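Coordinates in review
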Amino acid sequence: MPSSFRHLLTFSALALLPFTAAMAQQPATPPPVSVAKPVVRDVVDKDDFIGRFEAVDQVSVRSRVGGYLQEVHFTDGALVKQGDLLFVIDQRPFITALNEANAALEVAKSTLIYAEAQFKRAENLATTGSQSISILDDRRREWVSAQANVRGAQATADRAALDLEYTKITAPISGRIDRRLISVGNLVQADQSILTTIVSVDPIDFYFDVDERRLLNFAQTARDRGVDLQQGGGGVEVQVRITDSNEKPFTGKLDFAENRIDSETGTKRIRARFDNPNYVLQPGLFGRVSVEASNVYKAILIPDEAIGSDQNQRVVYIVGDDGTVTAKPVRPGPRLYGYRVIREGMDGSETIVINGLLRARPGTKVTPQMVELPQTREELAPEAAGLELSR
């Protein structure tokens, strides 16, 4: 390499030394991050459970008398009202039996009239001494027996009339009827053959099972209100979402809980009741119910994206007045109003990093850009409110 070229490189390097030293002395700008104050508001914890809708009333329609099915008076799957005529059993044998019973009743009544007249005649003769007391006793026995025969014949006639009435099978409840299970012309066995079923549709019940841990919390919440969980916890409002995401949540109320915990599953079954005027909710339909799991309290709410991980614990990054970042362990709770409840670790006065966690490291400085969080945030996706983040 020529000596002149080496002198030129040496001169260039010496010229750049002051500039490099100046750049080294100039401090680097801390990275910008979005920060905000937590949302502090009155909340009520909620837990989610999977359950199934069941009809308040359901009936298997059977005939009380045996015979051949003659008529069907409903459309499969229709809505019926209590008392509507559904089936007719062949009435001819029952009409004959009723006529026979009425005839026997008339005979018994005529015998009673005759026996009564004989007794009164014997009674008059006995008072004058024209007839013996033993004959009077026989006439009294015949009269009493005739009275009993009339009562028996009347009972037989009433039974025959009742059987004839039972040949017309009506709806015992209002609701939606199933298809006919027996066709016209088939023999119907009394109290055995199921002709169809009816389920009530409005209102409708929703049953779900609660585990022991959350059950104790529910029971304590109910006691704090001065009511029992077995009686619905004072009519606590609940919301149910069904699989159709286009349907809005349905609002109902708790009204019953079983009186013991199932020893096999360790759960207790709870019931909520819902109005169903449009018959959208069907028996057997699955749903996710959201239940209040606490009384009203002040809660600290932060976005899920503001929570980081440090080995086996959850942390949030706090920004001090001088921009220094510190990590603070927290215990997250359920998700409410689009935020995550913080059970422990914060008092609500902190300034936390909500965006740019990768640029915020404990002990380093950042350039905070303050953002105000709304009181309620739109949910990005359905999430079980009662599921807590693992610690």
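Everything in this summary refers to the structure shown in the same document. (Residues numbered from 1 in each chain as written. Predicted model: local features only at pLDDT ≥ 70, side-chain atom pairs only at ≥ 80, totals over all residues. Heavy atoms only, no water.)

On to the sheet that holds strand E8 (residues 168-170). Read across the sheet, four strands follow the order E8-E7-E5-E10 without closing on themselves; strand pairing throughout is antiparallel. The sheet terminates laterally at E8 and strand E10 (187-188), the two strands that pair on one side only. Here strand E5 (residues 67-72) pairs with strand E7 (residues 85-89) via three bridges, running antiparallel. From the neighbouring strand, Val72 faces E7, where its bridge partner is Phe87. (Pairing = 2+ DSSP bridges. Helix = DSSP H or I, 4+ residues; strand = E, 2+ residues; numbered from the N terminus.)

To continue, consider the environment of Leu187. With respect to the helices, strands and loops of the structure, Leu187 is situated in strand E10. Setting aside its immediate chain neighbours within four residues, Leu187 contacts Gly67, Tyr68 and Ser193. (Contact = heavy atoms within 4.5 Å.)

To continue, consider the packing of aromatic side chains. Under the criterion given, the structure shown has seven aromatic pairs. The interplanar angle of 65° and the centroid separation of 4.8 Å between the aromatic rings of Phe53 and Phe206 together place this pair among those described as edge-to-face. Note that Phe53 is positioned in strand E3 (residues 46-55) and Phe206 in strand E12 (residues 204-211), a separation of 153 residues in sequence. Accessibility expressed as a relative area gives 0% for Phe53, which makes it buried. With 5.1 Å between their ring centres and 10° between their planes, Phe119 and Trp143 make a pair best called stacked. On the criterion of sequence distance, the pair formed by Phe119 in helix H2 (residues 92-128) and Trp143 in helix H3 (residues 133-166) is long-range, its members being 24 residues apart. One aromatic cluster is present, formed by Phe49, Phe53, Phe206, Phe208 and Phe274 through successive ring pairs. Directly above the ring of Tyr337 sits Arg41, whose terminal nitrogen or CZ lies 3.8 Å from the centroid. (Phe/Tyr/Trp six-rings, centres within 6.5 Å; stacked < 30°, edge-to-face > 60°. Buried < 20%, exposed > 50% of the residue type's maximum accessible area, 1.4 Å probe, protein only. Lys NZ or Arg CZ within 6 Å of the ring centre and 35° of its normal.)

Let us look at the pairing of strand E13 (residues 237-241). Alternating positions in E13 separate cleanly, Val238 and Val240 being buried on one face and Glu237, Gln239 and Arg241 remaining unburied on the opposite face. In the sheet, E13 pairs with strand E14 (residues 250-257) via four bridges, with the strands oriented antiparallel. Bridging from a neighbouring strand, Val238 pairs with Gly252 of E14. In this sheet, strand E16 (residues 286-292) lies alongside E13 in antiparallel orientation, the contact comprising four bridges. Looking at the pairing, Gln239 lines up with Ser290 of E16.

Right, let's get into the nonpolar core. Core analysis: the largest hydrophobic core is formed by 30 residues, its most contacted members being Leu86, Phe87 and Ile198. Secondary-structure elements contributing two or more residues to this core are E7, H2, H3 and strand E11 (194-199). With residues up to four places along the chain from it excluded, the contact list for Leu86 reads Val61, Glu71, Val72, His73, Phe74, Val80, Ile169, Thr170, Ala171, Ile177 and Ile198. In terms of nonpolar packing, the next biggest core, distinct from the first, is built from 24 residues, Phe208, Leu229, Ile242 and Ala257 among them. (Core = buried A, V, L, I, M, F, W, Y, C linked by side-chain atoms within 4.5 Å.)

Counted as a void, the second largest pocket has a volume near 240 Å³. Lining the second largest pocket we find Val59, Ser60, Val61, Arg62, Ser63, Arg64, Glu165, Tyr166, Lys168, Ile169, Thr170 and Pro172. Breaking the lining of the second largest pocket down by element, the ones donating at least two residues are strand E4 (58-62), H3 and E8. Of the residues forming the lining of the second largest pocket, the biggest block, four residues, is contributed by E4. By residue class, the composition of the lining of the second largest pocket is five nonpolar, three polar and four charged. (1 Å grid on protein atoms, 1.4 Å probe; cavity = no way out; pocket = protein on both sides within 12 Å on 5 of 7 lines; lining within 4 Å. Points joined across faces, edges and corners; volume = space filled by probe spheres on them. Nonpolar A, V, L, I, M, F, W, Y, C, P; charged D, E, K, R; others polar.)

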